[in-house]
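If you want the building blocks of each chain, they are given just below.
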Amino acid sequence: MLECRKDLVSEAAELVRRAIESYFASKCRRMLSMVGITGQREVAVEFYGFYRSYAPSENFPRFTHAYSYLEECAPSTLEELLHGGRVEGAGEERRLVISVRALESICRELEEG
C-alpha cells in the first residue's frame with residue numbers, strides 16, 4: 001500500500017505542473033497553428049513530450065513516478081493539472097487528450113505569465 005503524504009503530493013504536483021507547462025510553453029504556437037489548419041476539436045499529447053520536459057527530484061526521478069503518485073494519492077489535483085483532459089493508453093503509451101479550448105486557455109495563461 002502506497003503511503004500518501006501531503007508533502008509528497010505537493011512535490012509531485014509541482015513537478016508534473018512544471019513539466020506540462022514547460023512542454024506547452026515550447027509548443028503552444030505551433031500546436032494552435034496546426035489545429036487552426038486542421039480544424040481539430042481535441043489534441044493528443046504523448047507523455048513522451050512531458051518526459052523530455054521533466055526535471056527529476058530525489059523522490060520522483062521520472063515523470064511517470066510523480067504522475068502515478070498523484071493518480072493514487074491526489075486524483076483531484078491531477079485532474080486540475082491536466083486541464084480537464086483525459087489520459088488514454090497505458091504505461092509508456094499514455095497520452096493526454098485535451099480540447100482545443102483548453103489548449104487555447106493554457107497558451108493564454110502561459111503568455112500572460
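Structure's up top.
Keep in mind the model is a prediction, meaning the values are calculated, not measured.

Considerations on the state of the cysteines
Part 1: Here the structure, examined in full by the defined rule, presents two disulfides.
Part 2: A disulfide bridge connects Cys28 with Cys107, and the sulfur atoms are separated by 2.1 Å. Residues Cys28 and Cys107 are joined by a disulfide whose S-S torsion is about -95 degrees; by sign, that bridge is left-handed. Taken as a pair, Cys28 in helix H1 (residues 6-38) and Cys107 in helix H5 (residues 100-112) lie far apart in primary sequence, 79 residues in all. Considered together, Cys28 and Cys107 belong to a single accessibility category, that of buried residues.

What to know about H1
Part 1: Taken as a whole, H1 carries its principal kink of about 60 degrees at Lys27.
Part 2: One or two steps after H1, the chain reaches Gly39, where phi turns positive at roughly 75 degrees.

Here we look at the sheet that holds strand E1 (residues 42-46)
Where strands meet in a sheet, backbone hydrogen bonds hold them as pairs that are either parallel or antiparallel.
Part 1: Spatially, E1-E3-E2 is the arrangement adopted by the three strands of the open sheet, whose pairing is antiparallel. Two strands bound the open sheet, and with one partner strand each, they are E1 and strand E2 (86-88). Ignoring which end each strand starts from, the neighbouring axes of this sheet average 30 degrees apart.
Part 2: Relative to strand E3 (residues 95-99), E1 is paired through five bridges, and the arrangement is antiparallel. Within E3, the residue paired with Glu46 across the bridge is Arg95.

Calculation criteria
Residues numbered from 1 in each chain as written. Predicted model: local features only at pLDDT ≥ 70, side-chain atom pairs only at ≥ 80, totals over all residues. Heavy atoms only, no water. Disulfide = S-S within 2.5 Å. Helix = DSSP H or I, 4+ residues; strand = E, 2+ residues; numbered from the N terminus. Buried < 20%, exposed > 50% of the residue type's maximum accessible area, 1.4 Å probe, protein only. Bend = angle between axes of the 7 residues up to and from the residue. Pairing = 2+ DSSP bridges. Axes fitted to C-alpha atoms, helices over the stretch in contact; angles between N-to-C directions.

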